[in-house]
Amino acid sequence: MGSYIVKRILVSVPLLLIISFLTFVLINLSPLDPAEVVLQAQGVPEITEELLEQTKEELGLDKPFILRYFDWFISSLQLDFGESYINGKPVWSLIGPAFLNTLKLTLISSIAIIFMSILLGVTCALKEGQVIDKSIRGFSFVLTAMPSYWLATIMIWYVSVKLDLLPTSGMVSYSSYILPVIVITISYAGIYFRNIRSSMLNNLNEDYVLYGRASGLPEKKITMHILRNSLQVSISIFGMAIPIILGSTVVIENVFAWPGLGSLSVKAILGRDFPIIQAYVLILAAAFVLFNTISDIINAFMNPKLRNDL
Amino acid sequence: MKNILEVKNLMVWDIVSGKKIIQNSSFDLKAGSCLAIVGESGSGKSVTCRAIMRLNSTSLQQSGDIIFKGENINQLSTKELRKKRGKNLCMILQNGMTAFDPSCVVGVHLRETLAEHFDWSKNEAEVRMKSAMESVMLINPTEIMNKYPHQLSGGMLQRIMIALAIVLEPDIIIADEPTTALDTISQFEVVDQFINLRERIGCSMIFISHDLGVVRKIADEVLVMKDGKIIESGNTEKIFSGAKHEYTKYLVSTRMALSNNFKRIMGEGQ
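What comes next concerns the included structure. (Residues numbered from 1 in each chain as written. Chains lettered and ligands numbered in written order. Predicted model: local features only at pLDDT ≥ 70, side-chain atom pairs only at ≥ 80, totals over all residues. Heavy atoms only, no water.)

All right, on to the sheet that holds strand β3 (residues 34–38) of chain B then. Residues and elements named next belong to chain B. The 6 strands are arranged β6-β7-β8-β3-β9-β10 in an open sheet whose pairing can be described as mixed. The two strands at the open ends of the sheet, each matched to only one other strand, are β6 (89–92) and β10 (229–235). With direction set aside, neighbouring strand axes in the sheet form an average angle of 15°. Sheet topology places β3 next to strand β8 (residues 204–208); 4 bridges connect them, and they run parallel. Looking at the pairing, C34 lines up with M205 of β8. Against the sheet, helix α1 (residues 45–52) makes contact with β3, β6, β7 (172–176), β8 and β9 (221–226), and its axis sits at roughly 150° relative to β8, the strand it touches most. Taken strand by strand, helix α7 (residues 154–168) contacts β6 and β7, and its axis lies near 170° from that of β6. (Pairing = 2+ DSSP bridges. Helix = DSSP H or I, 4+ residues; strand = E, 2+ residues; numbered from the N terminus. Axes fitted to C-alpha atoms, helices over the stretch in contact; angles between N-to-C directions. Contact = heavy atoms within 4.5 Å.)

Below, the structure is given as structure tokens:
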């Protein structure tokens, strides 16, 4: 198991290198001249050729492409992503706190999603075809089908405005988390619990369940065995869900005015603030690699057959 | 000989389609004897056996009387039934590879089962299990118990199930095609282990198989099933030498043709 973990981590290193290179290439393929963007942002009235050359030199844009990549990559490893083209502040001082805010929201939502998915999935599988199974599936179908911004708006109107129970927006106290977490959980758990349900139903027909029952094991213990085997598929899905939520909170963050990555990245894209966009893409990609690695390791821990596969 | 199990008018049907899978089956199992159930796939052998332990899926329903030592299994509460499963009625499945939880070492199932039925200390259960495993030619039982099912062979897993049955000392062992998934050499060994098992704990046995060679070797009585009905039953030798029903005759004759052919190729019987 130890050697599997080491190998799995080593595999992710070249992956990160490739991703960082692609990120850099794609951003640099943009037809916009960064020097021009900087000058426009600074409100320079007349942009001359001379001024452009000078700015390029200041930003290090005159160096060869590969050199620029390595400079950027090495400093990125030290969380130095350069300075914002728009306001000249270090990128990390802008993206760091925003990332932390989004991460908090994402992790709390993920815990809620995993908890709800397992709870609903197991309940539905054990009560397959009964009223409770059908009503949970029906109700979740309706909730999942609602766009999250609409659901969020309704909740703000009802819970925060009409009942005046929770803050409408921002990140002021712990109670600020409740509404965004509920909205995110509804849109994801409604999908994931079906996954757990169906893989539990598949496992119910396995021989080991029959043998467990034939050996007189109590249903509780058998359910634990089924759950352990059913969760293996879901762990990979949950592992991917965390970075997906991290990257897709844009809508929720805008509705709830959450000071996170989503709001920051939208601003950066509209303002063509390349260093921030680059850092944003790299951080998200790293998060994907990281959570994928973690879920693979957890899976190998739960499924002994996977340990020899690398 | 006294009957240890009496099945009367057993019916099993699908609640959705209403299709009858077992139609009015009645048979007895004498204490200490081995009853073989033969028939082709889909004839209802497995469903009959699972019905005895009420292990069929919830979409199947059953009626009739299953009298085990004076108690009607069909009327037991789930809790009472669970205590009998494993301890009194022990099942051995066809495919050892899938019978154990693939994510746990095989020892987990053995320990959980023993902890459920006996008040033994961990150590005592371990010692008993190990000696049972050694008696079925599983050397290094400690190592085997710490292996995952996919790291062991089908024959070994089959013998682990037999070893568990030895420790549980049930009144009846129900073996659902225990040799079908094995290669010929393992089959031979496992059949031997079944014969030893009966001699050792003196249990009764229901042995499902479509291998008539194995049946002839192990069974005292034979039940022939076709399309959910018992079409013939009786003493093993009688079935093999003087079957009355056409279908039984057909089964026996195809088997004979096969083994005669085998003997001819091997140069025997000349």
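Let us look at the packing of helix α5 (residues 122–135) of chain B against α7(B). Residues and elements named next belong to chain B. For the pair α5 and α7, the least separation of the axes is 8 Å and the interaxial angle reads 125°. With respect to their mutual orientation, α5 and α7 come out oblique. Here α5 runs over α7; the crossing is right-handed. Along its contact with α5, which presents R128, M129, A132, M133 and S135, the element α7 presents I160, A163, L164, I166 and V167. Looking at the contact of α5 with α7 residue by residue, the class counts come to 8 nonpolar, 1 polar and 1 charged. (Parallel < 35°, antiparallel > 145°, perpendicular 65-115°, else oblique. Left-handed = near helix turned anticlockwise from the far one by under 90°. Nonpolar A, V, L, I, M, F, W, Y, C, P; charged D, E, K, R; others polar.)

All names here are of chain B. Strand order in the open sheet made by the 4 strands is β2-β1-β4-β5, with antiparallel pairing throughout. Both edges of this open sheet fall to β2 (20–30) and β5 (71–72), since each of them pairs with a single strand only. In this sheet, strand β4 (residues 60–68) lies alongside strand β1 (residues 3–14) in antiparallel orientation, the contact comprising 8 bridges. Bridge assignment links M11 to a residue of β4, and that residue is S63. The strands touched by α1 are β1, β2 and β4; relative to β1, the strand with the most contacts, the crossing angle is about 115°.

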